[in-house]
Amino acid sequence: MKVLEERIRQEGLILSDTVLKVDSFLNHQVDTRLALEIGREFGRIFADEAVTKVLTIEASGIQFAMATGIALNVPFIYAKKKKAVTLSEEVYSAPVHSFTRGETYQVSVSRKYLSPSDRVLIVDDFLATGAALVGLVNIVRESGAKLAGVGCVIEKSFQEGRRLLEEMNVRVHSLARIASMSPGEIRFIEESAI
Ligand code: G4P
Ligand code: NA
Ligand code: NA
């Protein structure tokens, strides 16, 4: 998505070879028009999947899941993160290890909102190590729902998330794919090369 790549070039702050800050338009302050355009793009990409629900994880996936839900005219769900391992019968849950925070938390979704008749599209802001997204895929599988795919706004292709998801036979589509970056330089994987 060209407009997204341009914004990343203009406003993204590359803090190291692995961390990109996009707080001015995606992640903290949110450009609402861009978020809606991102939702429409995911809607077009996954139009043939008969999606019934969009799923994300709190917090920074929520605006894109909402925009995608609007585009597809379906509800969205955000999985909740909990520190305590209070496992309950009422939720589907998966452990997620956060490499950035060095801790494991529990991600959960109420059983009321996913069922085998659903076709779920997972949406998130970043595809990095894939830890959080693998947790969401496992939740969808536990529910018996069909997984339509995973849509990510920004993929850091030099990290292992995409490979992990593809190994689970998941269709992955990212709107901006970063081949490499370092302070002062960012390279995208061209869409024509995908
Ligand atoms: P993921 O690939 O499945 O997202 O999992 P990973 O464990 O690698 O990422 C941990 C968290 O860090 C995720 O946020 C992810 O969106 C975020 N993240 C990873 N790389 C970057 C980056 O380069 N820049 C920014 N700004 N964020 C990054 P989260 O756990 O979903 O938390 P939240 O921020 O949404 O609350
Ligand atoms: Na996120
Ligand atoms: Na995040």
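Residues numbered from 1 in each chain as written. Chains lettered and ligands numbered in written order. Predicted model: local features only at pLDDT ≥ 70, side-chain atom pairs only at ≥ 80, totals over all residues.

A. Inspection of the environment of R187 at higher detail. Its place among the elements puts R187 in strand 10 (residues 185–188). Distance in space between the C-alpha atoms of R187 and R177 is 8.6 Å, their sequence separation being 10 residues. Setting aside anything within four residues of it in sequence, one finds R187 in contact with A179, S180 and M181. (Helix = DSSP H or I, 4+ residues; strand = E, 2+ residues; numbered from the N terminus. Contact = placed C-beta atoms within 7 Å.)

B. Representation of the UniProt feature "binding site: xanthine" (unreviewed entry) in the protein in the model. Mapped onto the present numbering, the UniProt feature "binding site: xanthine" (unreviewed entry) falls at L20, N27 and K156. The exposure class of K156 is buried, given the 24 C-beta atoms found within 10 Å. Not counting residues within four places of it along the chain, the set of residues in contact with K156 comprises L127, A128 and I178. (UniProt positions renumbered as here; feature names shortened; annotations may be inferred. Buried ≥ 20, exposed ≤ 12 C-beta atoms within 10 Å, placed from the backbone.)

C. Broad picture of the UniProt feature "binding site: 5-phospho-alpha-D-ribose 1-diphosphate" (unreviewed entry) in the protein. Mapped onto the present numbering, the UniProt feature "binding site: 5-phospho-alpha-D-ribose 1-diphosphate" (unreviewed entry) falls on A128, T129, G130, A131 and A132. Inspection of the secondary structure puts A131 in helix 5 (residues 131–143). Assessed through the 19 C-beta atoms surrounding it within 10 Å, A131 is described here as partly exposed. When residues no more than four places from it in sequence are discounted, the contact partners of A131 are V96, H97, S98 and F99. One can find A132 in helix 5.

D. Quick peek at the site of ligand 1. The environment of ligand 1 is made up of 23 residues, and the closest members are S60, F126, A128, T129 and A132. Listed by contribution, the elements that provide at least two residues to the shell around ligand 1 are strand 2 (20–21), strand 7 (119–127) and helix 5. Per element, the largest residue contribution to the shell around ligand 1 is four residues, and it comes from strand 7. Looking at the shell around ligand 1, its residues break down into 12 nonpolar, eight polar and three charged. (Near = placed C-beta within 6 Å. Nonpolar A, V, L, I, M, F, W, Y, C, P; charged D, E, K, R; others polar.)

E. Summary view of helix 3 (residues 32–45). Over its 14 residues, helix 3 extends 20 Å from the first C-alpha to the last, a length consistent with the 20 Å expected when each residue adds 1.5 Å. For helix 3, the set of buried residues is I38, G39, E41, F42 and G43. Looking at the buried residues of helix 3, the elements they touch are helix 4 (62–72), strand 7, strand 8 (146–156) and strand 9 (172–182). (Expected span 1.5 Å × (residues − 1).)

F. Molecular detail of the nonpolar core. Formed by 53 residues in total, the largest nonpolar core has its most connected members in V120, I122, L133, L136 and V140. The contact partners of L133, leaving out residues within four places of it in the chain, are I122, D124, L127, V150, G161 and L165. (Core = buried A, V, L, I, M, F, W, Y, C linked by C-beta atoms within 7 Å.)

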